[in-house]
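One-letter residues, chain by chain:
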Amino acid sequence: MSETIERIKCLIIGSGPAGYTAAIYASRADLKPVMYTGMQMGGQLTTTTEVDNFPGYPEGTDGTAMMEDLKKQAERFGTEVRFGLATEVNFSDKVGGIHKITIDGTKEIEAETVIITTGATAKYLGLESEERLKGGGVSACATCDGFFYRKQDVIVVGAGDTAAEEATYLANICNKVTMLVRKDHMRASKAMIHRVEKTENIEVLYNSELDEVLGDNVVEGVRVVNNQTQNKHEIEVTGVFIAIGHTPNTDIFNGQLEMDETGYLVTKGKSTKTNKPGVFAAGDVQDHEYRQAVTAAGTGCMAALDAERYLGSLE
Ligand SMILES: Cc1cc2nc3c(=O)[nH]c(=O)nc-3n(C[C@H](O)[C@H](O)[C@H](O)COP(=O)(O)OP(=O)(O)OC[C@H]3O[C@@H](n4cnc5c(N)ncnc54)[C@H](O)[C@@H]3O)c2cc1C
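Residues numbered from 1 in each chain as written. Predicted model: local features only at pLDDT ≥ 70, side-chain atom pairs only at ≥ 80, totals over all residues. Heavy atoms only, no water.

## Here we look at the side chain of Thr-299
If you trace the backbone, Thr-299 turns up in helix α7 (residues 293-314). Of the polar contacts made by the side chain of Thr-299, one reaches the backbone nitrogen of Gly-283; its length is 2.9 Å. In this structure, Thr-299 is in contact with Thr-272, Ala-282, Gly-283 and Gln-286, ignoring residues within four places of it in sequence. (Helix = DSSP H or I, 4+ residues; strand = E, 2+ residues; numbered from the N terminus. Polar contact = N/O pair within 3.5 Å; in protein donor to acceptor, adjacent residues only side chain to side chain. Contact = heavy atoms within 4.5 Å.)

## As for the site of the ligand
Within the structure, the ligand sits among 34 residues, and Thr-37, Gln-40, Gln-44, Asp-284 and Ala-293 are positioned closest to it. Here a nitrogen atom of the ligand sits 3.3 Å away from a polar atom, N or O, in the main chain of Gly-38. At a separation of 2.7 Å, an oxygen atom of the ligand approaches a polar backbone atom of Gln-40. Notes on the ligand: free accessible area 1000 Å², of which the protein chains cover 92%. (Near = heavy atom within 4 Å. Areas by Shrake-Rupley, 256 points an atom, 1.4 Å probe, with all protein chains shown as cover.)

## Side note on the environment of Gly-136
Looking at the secondary structure, you find Gly-136 in the loop between α3 (128-132) and β8 (138-139). Given the relative accessible area of 16%, Gly-136 is considered buried. Taking the C-alpha atoms as reference points, Gly-136 and Gln-230, separated by 94 residues in sequence, lie 28 Å from one another. The contact partners of Gly-136, leaving out residues within four places of it in the chain, are Asn-217, Val-218 and Val-219. (Buried < 20%, exposed > 50% of the residue type's maximum accessible area, 1.4 Å probe, protein only.)

## Description of the sheet that holds strand β10 (residues 176-180)
Read from one edge to the other, the open sheet built from 5 strands follows the order β8-β15-β9-β10-β11, with strand pairing classed as parallel. Of all the strands in the sheet, the pair left with one neighbour each is β8 and β11 (202-205). By the bridge criterion, 4 bridges tie β10 to β11 in an arrangement that is parallel. Within the sheet, the bridge partner assigned to Leu-180 lies in β11 and is Leu-205. Sitting on the sheet, helix α5 (residues 161-173) touches β9 (153-157), β10, β11 and β15 (239-242), and the angle it makes with β10 is about 165°. (Pairing = 2+ DSSP bridges. Axes fitted to C-alpha atoms, helices over the stretch in contact; angles between N-to-C directions.)

## So, the environment of Ile-173
You can see Ile-173 is positioned in helix α5. For Ile-173 and Thr-272, which are 99 residues apart along the polypeptide, the C-alpha to C-alpha distance reads 34 Å. When neighbours within four sequence positions are excluded, Ile-173 is seen to be in contact with Gly-146, Phe-147, Arg-150 and Lys-151.

## Description of the sheet that holds strand β14 (residues 232-235)
Strand pairing in a sheet relies on backbone hydrogen bonds. The paired strands run either parallel or antiparallel. The strand order β12-β13-β14 describes an open sheet built from 3 strands, whose pairing is antiparallel. Looking at the sheet topology across the chains shown, the edges are occupied by β12 (208-214) and β14. Mean inter-strand twist for the sheet, computed between neighbouring axes without regard to direction, equals 30°. Across 4 bridges, strand β13 (residues 221-226) lies against β14 in antiparallel orientation. Within the sheet, the bridge partner assigned to Val-225 lies in β14 and is Lys-232.

## What to know about the pattern of salt bridges
On inspection of all chains with the given rule, the structure shows 13 salt bridges. Among the salt bridges present, the one from Arg-7 reaches Glu-110, with a minimum N-O distance of 3.8 Å. Residue Arg-7 is located in strand β1 (residues 5-13), and its partner Glu-110 is located in strand β6 (residues 107-116); the two are separated by 103 residues in the primary sequence. Given the relative accessible area of 54%, Arg-7 is considered exposed. The partner of Asp-211 in a salt bridge is Lys-232, with the nearest N and O atoms 3.2 Å apart. Placement of the pair is Asp-211 in strand β12 and Lys-232 in strand β14, with a sequence separation of 21 residues. (Salt bridge = Lys/Arg side-chain N within 4 Å of Asp/Glu carboxyl O.)

## A closer look at the domain arrangement of the chain
Interface size is commonly expressed as the accessible area that is lost once the parts come together. When its domains are assigned, the chain resolves into domain 1 (6-121 + 246-314) and domain 2 (124-242). Considering only the surface of domain 1 that becomes buried against domain 2, Glu-50, Asp-52 and Gln-292 emerge as the three largest contributors, covering 55% of it. Linking domain 1 with domain 2 are 0 salt bridges, by the criterion used here. Where domain 1 meets domain 2, there are 0 residue pairs in polar contact (both at pLDDT 80 or more). (Domains from an automatic or database assignment. Buried area = accessible area lost by both parts, 1.4 Å probe.)

## A word on helix α2 (residues 63-76)
For α2, with 14 residues, the first-to-last C-alpha span of 20 Å sits near the 20 Å given by 1.5 Å per residue. Every buried residue of α2 is accounted for by Gly-63, Met-66, Met-67, Leu-70, Lys-71 and Ala-74. Buried residues of α2, seen end-on, are gathered within an arc of 140° and therefore sit on one face of the element. Those residues of α2 that are exposed and angled more than 90 degrees off the buried face are Lys-72 and Arg-76. The elements touched by buried residues of α2 are α1 (17-28) and β3 (80-82). Backbone nitrogen of Thr-64 and a side-chain oxygen of the N-cap are separated by 3.0 Å at the start of α2; the cap is Asp-62. (Expected span 1.5 Å × (residues − 1). Arc of directions from axis to C-beta.)

## Quick word on unusual backbone geometry
Despite not being glycine, Lys-151 shows a phi value in the positive range, around 65°. Relative to the helices and strands, Lys-151 resides in the loop between α4 (142-145) and β9. Of note, the phi angle at Asn-207 is positive, near 50°, even though the residue is not glycine. Following the sequence through the fold, Asn-207 ends up in the loop between β11 and β12. Judged by relative accessible area, Asn-207 falls into the buried class, the value being 19%.

Following this line, the structure appears as C-alpha cells:
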C-alpha cells in the first residue's frame, strides 16, 4: 500500500490556528516540522470574512487572509506545508517509539512526535437557506459573531448547554433573543436553564423548529414551525445562531487515543499530552469549551513546546 516511507521529527496534522502556531514554534525550535493541511487549508476561519477578536488586528481581518499570514510565518522558519489528509494512524505506546501515519491512503510517514490539530466541525440543520446565508447572518459561534448583532433581534437554535450559553451571551449584546427548542423541554443543565429563564430578553419557544431562514443575501427573518400543530409563523431577526453542537474531527484516532464521550481528544492536565508518549493535541480537537482562534493558537504553542521537551528528554 505504501508508496514511500519518510522519517521526520515532528508531524503536524491540520492547518488551522493551532496547527500553524505549533508549526511556527516547532520550526523555530528546529524540529523541522512537516504539516499536512487536510481538505480545509487554513481551517475554520477560512469560512469567515470578519475576524474582529484576534489580537494584533486593530481593524479586524479577513479569516482567509489571516490564515495565509500564519502559513507564511510558519514557512518562513522552515515548516513544510503539504496538502494531504491523514487517513490512518498507528501510534506507538513506547516512550521514544515511532508513530506511523498514512497520508491519502498511500504515503507513510514515520514521526518521532505528532501534533494533532484537526479541529472540530459545527453541526448545521441542513437547510438550503441556512447554507446560503452562512456569513450573511447565519453563524455557529456567538462569541465570534454576536458583536455584529448588537442591539438587534436574533434567533438561537438548540436546547443543550451550548445553546443556553450562546443565548445568555447574546442576551447581553442583543435586543432580544428567541430560542427555538425542538422538544417541550430544554436538555441543558438545570443551572443553565435557570440562567435562561431569569434573563428577561430571552424568549424560549418550545416544540419549535427552524423551517426556513428568510432573506436573499442577508438574514431578514426566520419561518418557524410548531411541530405539534404544524402552524408556521415568521419572526423578524437579523442573526441566526445554530447551536446544536460540534463534531470533533477525530474518527481516524478511534481506538488509538483516549477521547471523552463526545469524541474530543483528552489531554493531560495543563498540557497537550495525549495518552500516547510523543503525541500531542491542540486546538478545537481537544477543546469543546472555548473554541476560539486565539485559544487554539495558544494550545498550538503549548503542543510545540511539549513536543520539543519530550524529544529533549529522550536525548
Ligand atoms: C464561521 C466561523 C467563524 C468563526 N469566527 C471566529 C472569530 O471571529 N474569532 C475566533 O477566535 N474564532 C472564530 N471561529 C472559531 C475558530 O475558527 C476555531 O476556534 C479555530 O479555527 C480552531 O482552530 P484549530 O486549529 O483547532 O482547528 P480548525 O480551524 O478547525 O482547523 C482544523 C484543520 O485540520 C485539518 N484536518 C482535519 N482532519 C484532518 C486530517 N485527517 N488530516 C489532515 N488535516 C486534517 C483541516 O483541514 C483544518 O485545516 C469561527 C468559526 C467559524 C466556523
